[in-house]
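# Breakdown of the fold
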Amino acid sequence: MGDMTTAASSVTTTDAAPPAGAVSRPLLLRPRECAVSGTAEGLAEHLGWRPLTVRVTFALLSLAWGAGVLLYLWIWALTPWRPGAEAPSRRVPVAWVLTTLTALAALATLFGAGQGTSYGGPPQWTLFCLAVTVLGVAAASWATLIDAKDHARGPRHALIVRLTLTVILTVVLFAALTATAPAAYVLFALVLISIALVHATTLLAKWRELSGERVRRIREEQRSEMAAHLHDSVLQTLALIQNRAGASSEVARIARAQERELRSWLYDGDAPADSDLPTDLRDFAGALELDYPVRIDVVSAGSSTERASGDVAAAAREAMLNAARHAGGEVSVYIEGSPAGVDVFVRDRGAGFDLAVVPGDRLGVRESIIGRMRRAGGSASVRPTVTGTEVHLRLDAEVRRG
């Protein structure tokens, strides 16, 4: 029986182990810092090749009735960007390349219209004029819809590209007015259409912004409706549970934590992860309420630039932890911010705490609160009150700037 168990274990281990020749490849993702679209670079990283090798492969496959172009477009359409907060940035100035080609096609159009040459079909300059239209609209679209979001270029770059294209097309337009070649009106119409389409790309960008704003407004209205409904039902029920169960009961602590999370989801919206001092202390209060029989109310007044990573936040968290651990019941935290500095008051309703009678070898309050604030250039005081203990933290704005 033991041999059979050993054999079965060895088979299971062998089946679960990866094949000996297996190669772990990275996911197929396009890098946000790329040449044009990041397709070749992302595929090269996935296959373990050099980007130049991938680009040459695409070029060679394009000779087979455009198979390389279709493969490139297929991979580009199905491959997502690498996760990140910034917009993609491209090294190749695609908009200016297309603008240069537009200028060359415009010169060819002017030369052809002046010569009136043809090759047995439609006038040659009409084909160049059509190229001017296509290339100009492509350059304006790329600059407005893609380069405008690039942190290396931006909206000003898109405006310069559109103005440059407008100058090029205006020169061709005036040439069409004075041209004596046959069907010069075709040249005039095509150039007018080109100018209109170049500036119509800005309308498309505005339409996309308005659509995004409409979606955000609808989402905010739905959030408001949901918040009103939950406020009238779930939040009131959670508040009733807290009042009936008592602040120190486990049921009340769980109900308050759920109420805090629900209110944060409803009313904070898309707040950044980097929190300020009031937000950090509210989050810390919610965590303490799950671990100790305590109810902590955090109130903030005024404005302050104090962040959650500062010494005031660390000292306040230590004072809140001591109040929750030793006093329990109800604890109030009051934050008052002003241009002159920030004050934090932590009050509990416990038996009271006199620092003077605490043995000198107990350094928790002396070092974690008073000592920390002194080293930061601020001040801290711990004094007993009629109803418990009050911790006062103070840090001036000049100290923070210094």
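Parameters at a glance
Residues numbered from 1 in each chain as written. Predicted model: local features only at pLDDT ≥ 70, side-chain atom pairs only at ≥ 80, totals over all residues. Heavy atoms only, no water. Axes fitted to C-alpha atoms, helices over the stretch in contact; angles between N-to-C directions. Helix = DSSP H or I, 4+ residues; strand = E, 2+ residues; numbered from the N terminus. Parallel < 35°, antiparallel > 145°, perpendicular 65-115°, else oblique. Contact = heavy atoms within 4.5 Å. Nonpolar A, V, L, I, M, F, W, Y, C, P; charged D, E, K, R; others polar. pLDDT = per-residue confidence, 0-100. Buried < 20%, exposed > 50% of the residue type's maximum accessible area, 1.4 Å probe, protein only. Pairing = 2+ DSSP bridges. Patch = residues over 30% accessible without salt bridge, like charges linked within 9 Å, V, L, I, M, F, W, Y side chains within 5 Å. Areas by Shrake-Rupley, 256 points an atom, 1.4 Å probe, with all protein chains shown as cover. Salt bridge = Lys/Arg side-chain N within 4 Å of Asp/Glu carboxyl O.

This paragraph deals with the packing of helix 3 (residues 51-62) against helix 4 (residues 67-78). One can describe the packing of helix 3 onto helix 4 by two numbers: an axis separation of 5 Å at closest approach and a directional angle of 130 degrees. In terms of orientation, helix 3 lies oblique with respect to helix 4. On the side of helix 3, the interface is formed by Phe58, Leu61 and Ser62, while helix 4 contributes Ala67, Gly68, Val69, Leu71, Tyr72 and Ile75. Among the residues making up the contact of helix 3 with helix 4, the classes are represented as 7 nonpolar, 2 polar and no charged.

The next point concerns the confidence of the model for the protein. Predicted confidence across the protein gives a mean pLDDT of 79, with 78% of residues reaching 70 or more. Below pLDDT 50 for its whole length, residues 1-16 participates in 0 contacts with residues either more than four positions away or in separate chains. The low-confidence segment residues 117-121, where pLDDT is below 50, has 7 contacts with residues more than four positions distant or belonging to other chains.

For Glu336, the position within the fold is in strand 4 (residues 329-338). By relative accessible area, which is 37% here, Glu336 ends up partly exposed. Among all residues touching Glu336, those that are not within four sequence positions of it are Ala301, Gly341, Val342 and Asp343.

Turning next to the pairing of strand 4. Across 9 bridges, strand 3 (residues 294-302) lies against strand 4 in parallel orientation. Bridging from a neighbouring strand, Ser300 pairs with Ile335 of strand 4. With 8 bridges joining them, strand 4 and strand 5 (residues 341-348) adopt antiparallel strand pairing. Bridge pairing links Val331 to Asp348 in strand 5.

Together, Val92, Val97, Leu101, Leu104 and Leu107 make up an exposed nonpolar region whose accessible area comes to about 410 Å². In this fold, Val97 is placed in helix 5 (residues 94-115). Take Val97: its relative accessible area is 41%, and that puts it in the partly exposed class.

Moving on: the environment of Leu29. Assignment of secondary structure puts Leu29 in the loop between helix 1 (2-16) and strand 1 (33-34). With relative accessibility at 18%, the residue Leu29 sits in the buried group. Separated by 49 residues in sequence, Leu29 and Leu78 place their C-alpha atoms 9.7 Å apart. Beyond its immediate chain neighbours, meaning those up to four positions away, Leu29 contacts Gly42, Thr79, Pro80, Trp81, Arg82 and Pro83.

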